[in-house]
Amino acid sequence: MLHADEIMRVLTRRYREPAEAAKATPWKVLLFTALSARTRDTQTEPAFRRVITAYQTPAALSRAREADVARLLNTIGLYRSKARNIVALAKMLTTQYKGRVPKDMDALVALPAVGRKTASCVLAYAFGIPAIAVDTHVFRIANRLGWTKENTPEKTERALRARIPKRHWIRINKVMVPFGREICGRVPKCWMCPVAKWCDFSEKTRAPK
Ligand code: SF4
């Protein structure tokens, strides 16, 4: 038994999303997610705000000089390549989609530096289309819970899509990121876990004495 309904009910109650996040536009979700690769959200947030304030639309960013964008991003990792990627992304959105973010997985993953995780975030959070964004937290936790037993994020996404009811897809990443940070991290705190009774993990940890 996967106990997806029980686990998602408990985690959704514990990790409610802020109202502001629910109002994000497709362009903001795409830009933020593209900038957040291998960077903590707390570091991504100020860099994202500087870029979105200077270049509010894909058209504006498509005309920017990479060096100017890189200067706005230089507090986060890989800032030069991220500057190059987001300018290329803005150019493609402007020339091929009239500055709009496409609503389609195949079109999204064809954009520069957009993988399935970023595309799934855009579909789920900006358009409300069921999609499962498998990042490091979802990958780790889904395997521990026994929802999947896969060795790559791509296979995990495929397995979750086959096994977890669609009504949960959008919220899986939303709740598992904070749950992974607070409790089910690299070394899990199983003794304080609200879903432990439904978890398959064979090496559950105990509270330190
Ligand atoms: S019991 Fe432990 S391994 Fe399982 S979900 Fe909870 S914290 Fe993670």
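Please refer to the structure higher up on the page.
(A) Summary view of the site of the ligand. Residues in contact with the ligand, as listed here, are Arg144, Leu145, Phe179, Ile183, Cys184, Pro188, Cys190, Cys193, Ala196, Cys199, Phe201 and Lys204. Broken down by class, the residue content of the shell around the ligand amounts to 10 nonpolar, no polar and 2 charged.

(B) Layout of the environment of Trp27. Within the secondary structure layout, Trp27 lies in helix H3 (residues 26–35). For Trp27, a relative accessible area of 7% corresponds to the buried category. Residues Trp27 and Ile172, 145 residues apart in the sequence, show an inter-C-alpha distance of 22 Å. From its side chain, Trp27 meets the backbone oxygen of Gln56 in a polar contact 3.4 Å long.

(C) View of the pattern of salt bridges. In this structure the tally under the stated criterion is 8 salt bridges. Measuring nitrogen to oxygen at the nearest pair gives 3.0 Å for the salt bridge that ties Arg49 to Glu45. Taken together, the positions of Arg49 and Glu45, both in helix H4 (residues 41–54) and 4 residues apart, correspond to about one turn of that helix. Given the relative accessible area of 40%, Arg49 is considered partly exposed. Residue classification places Glu45 among the partly exposed residues on the basis of a relative accessible area of 29%. Across the pair Arg71 and Asp68 runs a salt bridge, and its minimum N-O distance is 2.5 Å. With Arg71 and Asp68 both in helix H6 (residues 66–73) and 3 residues apart, this pair spans about one turn of that helix. A relative accessible area of 53% means that Arg71 is categorised as exposed.

(D) Focus on the environment of Pro178. In this fold, Pro178 is placed in helix H12 (residues 169–182). You can call Pro178 partly exposed: its relative accessible area is 25%. In this structure, the C-alpha to C-alpha distance between Pro178 and Arg16, residues 162 residues apart in sequence, is 9.9 Å. The residues contacting Pro178, other than those within four sequence positions of it, are Tyr15 and Asn173.

(E) Examining the nonpolar core more closely. The biggest cluster of nonpolar side chains holds 39 residues, and the ones touching the most others in it are Leu31, Leu61, Val69, Leu73 and Ile86. Elements supplying a minimum of two residues to this core: H3, H4, helix H5 (58–62), H6, helix H7 (79–97), helix H8 (105–109) and helix H9 (116–127). Apart from the residues within four sequence positions on either side, Leu73 is in contact with Leu35, Ala47, Val51, Tyr79, Lys82, Ala83 and Ile86. In terms of nonpolar packing, the next biggest core, distinct from the first, is built from 28 residues, Met8, Ala142, Ile172 and Val175 among them.

How each quantity is defined
- Residues numbered from 1 in each chain as written.
- Predicted model: local features only at pLDDT ≥ 70, side-chain atom pairs only at ≥ 80, totals over all residues.
- Heavy atoms only, no water.
- Near = heavy atom within 4 Å.
- Nonpolar A, V, L, I, M, F, W, Y, C, P; charged D, E, K, R; others polar.
- Helix = DSSP H or I, 4+ residues; strand = E, 2+ residues; numbered from the N terminus.
- Buried < 20%, exposed > 50% of the residue type's maximum accessible area, 1.4 Å probe, protein only.
- Polar contact = N/O pair within 3.5 Å; in protein donor to acceptor, adjacent residues only side chain to side chain.
- Salt bridge = Lys/Arg side-chain N within 4 Å of Asp/Glu carboxyl O.
- Contact = heavy atoms within 4.5 Å.
- Core = buried A, V, L, I, M, F, W, Y, C linked by side-chain atoms within 4.5 Å.

So yeah, pure geometry; function would need other evidence.
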